[in-house]
There are 2 protein chains.
Amino acid sequence: MVANKSKSVRRDIFQAIADPTRRAIIFLLAVGAMTPNAMAEHFNSSRQAVSKHLKVLVECEVVNQEQQGREIHYHLNSDKMKEIEKWLEQFKQLMESRFNQLDSVLDKLKNESK
Amino acid sequence: MVANKSKSVRRDIFQAIADPTRRAIIFLLAVGAMTPNAMAEHFNSSRQAVSKHLKVLVECEVVNQEQQGREIHYHLNSDKMKEIEKWLEQFKQLMESRFNQLDSVLDKLKNESK
DNA sequence: ATTTTGCGCAACCAAATAGTTGCGTATATA
DNA sequence: TATATACGCAACTATTTGGTTGCGCAAAAT
């Protein structure tokens, strides 16, 4: 038995989008669900390579699988994508706080020069 | 002589934010410029480890260095952060196109049922 | 002038990544 | 029923990552 991967390896949205092939897969799936074979045809990458990326994306909970006969349709979990926006929002708030500090410094200077 | 790193290794904003320590550094620098020592004190990570992350961030053009005596002040290049937003915008547009397709399908069904 | 501090860099290491080839298996098709 | 197709998985590889320790050097403090 192998140790639980989710405990040892980083599996989050930021890891998911770190690879350009995975970003391309995400863009493809944004348009609609797809099978691994269909995806592999879109960029010059082997089916197995795509399959491995899909495994990572499943582990990161960015995509879901839907079995249909011998095909597996991969769907995008767009909720997970929102975590990027959430992080960016936090970032922007920090940036604003920085400017607010700068503003207060400028205000101070203004008052002192009175 | 070693091969140019920028040619072999991926150095973009997505690589920059893939690591949690680097994301923490970005948040710190969002508030204001800082030296490596000051950053290292903020999370339990050695100065050298932080230094390595900063090197990656410089290569990804997410931060700039400003030498001041023996200290180096690291500044955030917030323009680079906009590339994430840009990518998210593209993604959202694709998602909308998906829903527009769905809408047109629904419209079609509606017309057919007339 | 000597010591301390701030920093980058090289060397090393274990682990993870991204890809490949070669299976096995289940579902379709002939 | 025999064959083709869709897919995941294991094993192997080269490269990258993220961390460490141990320098060396220049600037600051003593």
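Structure shown above.
Residues numbered from 1 in each chain as written. Chains lettered and ligands numbered in written order. Predicted model: local features only at pLDDT ≥ 70, side-chain atom pairs only at ≥ 80, totals over all residues. Heavy atoms only, no water.

**Remarks on the protein's contact with DNA strand C**
And step 1. Taken together, the neighbourhood of DNA strand C is formed by 25 residues, with K52(A), H53(A), S51(B), R70(B) and Y74(B) sitting nearest.
And step 2. Counting only atoms of DNA strand C within 4 Å of the protein, the fraction found in sugar and phosphate groups is 62%.
And step 3. In this structure, a phosphate oxygen belonging to DNA strand C sits 3.4 Å away from a side-chain N or O atom of R10(B).
And step 4. Looking at the surface near DNA strand C, the elements with two or more residues in it are α5 (47-59) of chain A together with α4 (36-42), α5 (47-59) and β2 (71-76) of chain B.
And step 5. A total of four residues in the surface near DNA strand C trace back to one element, the largest contributor, which is α5(A). (Near = heavy atom within 4 Å. Polar contact = N/O pair within 3.5 Å; in protein donor to acceptor, adjacent residues only side chain to side chain. Helix = DSSP H or I, 4+ residues; strand = E, 2+ residues; numbered from the N terminus.)

**Some points on the packing of helix α3 (residues 20-31) of chain B against α5(B)**
All names here are of chain B.
And step 1. One can describe the packing of α3 onto α5 by two numbers: an axis separation of 10 Å at closest approach and a directional angle of 75°. Classified by the angle their axes make, α3 and α5 are roughly perpendicular. On α5, the residues that touch T21, R22, I25 and I26 of α3 are V50, H53, L54, V56 and L57.
And step 2. Here the residues of the contact of α3 with α5 sort into six nonpolar, two polar and one charged. (Axes fitted to C-alpha atoms, helices over the stretch in contact; angles between N-to-C directions. Parallel < 35°, antiparallel > 145°, perpendicular 65-115°, else oblique. Contact = heavy atoms within 4.5 Å. Nonpolar A, V, L, I, M, F, W, Y, C, P; charged D, E, K, R; others polar.)

**Comments concerning unusual backbone geometry**
Residues and elements named next belong to chain A.
And step 1. Located in the positive-phi region is E61, a residue other than glycine, with phi close to 60°.
And step 2. Residue placement: E61 occurs in the loop between α5 and β1 (63-68).
And step 3. E61 gets classed as partly exposed once you look at its relative accessible area, which sits at 46%. (Buried < 20%, exposed > 50% of the residue type's maximum accessible area, 1.4 Å probe, protein only.)

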